[in-house]
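Letter by letter, the chains look like this.
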Amino acid sequence: LGDSVCLVLRDGAVAARTREIIHFFDCPYQLGDDSPDRPKDGTTLQAEIFPGDIIVAGSDGVFDNLSDADVCDIVGSFGPKAKAAQIAKKI
């Protein structure tokens, strides 16, 4: 929901991305007692995943500050044996 994003990275590029769901600029869908938004209003991502694909999920704390290209560059700076925690810490 909201400004959260899920990316599927393949061969250094974005292979799939969730769509943004907002009511209007700077007003994403949100869950809360006073919100009309419900879990069923959220977006889903259906993508075929292949060996070697990397899935990056983050909130607006990540994606308000980094473009998809920035995330690809950061992930690409690690070797294929990198641990998810190492990549997450860098992002």
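Residues numbered from 1 in each chain as written. Predicted model: local features only at pLDDT ≥ 70, side-chain atom pairs only at ≥ 80, totals over all residues. Heavy atoms only, no water.

(A) Focus on the nonpolar core. Counting eleven residues, the largest nonpolar core is built from Val5, Leu7, Leu9, Val56, Phe63, Leu66, Val71, Cys72, Ile74, Val75 and Ile87. Elements with a minimum of two residues in this core: strand S1 (5–10) and helix H2 (68–76). Looking at which element gives the most residues to this core, the answer is H2, with four residues. Sequence-distant contacts of Val5, defined by excluding residues within four places in its chain, comprise Arg17, Thr18, Val56, Ala57, Gly58 and Phe63. (Core = buried A, V, L, I, M, F, W, Y, C linked by side-chain atoms within 4.5 Å. Buried < 20%, exposed > 50% of the residue type's maximum accessible area, 1.4 Å probe, protein only. Helix = DSSP H or I, 4+ residues; strand = E, 2+ residues; numbered from the N terminus. Contact = heavy atoms within 4.5 Å.)

(B) Summary view of the side chain of Asp53. Mapping Asp53 onto the fold places it in the loop between strand S4 (27–28) and strand S5 (54–58). Separated by 2.8 Å, the side chains of Asp53 and Arg10 make a polar contact. Looking at Asp53, its side chain comes within polar contact range of the main-chain nitrogen of Phe50, at 2.8 Å. Aside from chain neighbours lying at most four places away, what touches Asp53 is Val8, Leu9, Arg10 and Glu48. (Polar contact = N/O pair within 3.5 Å; in protein donor to acceptor, adjacent residues only side chain to side chain.)

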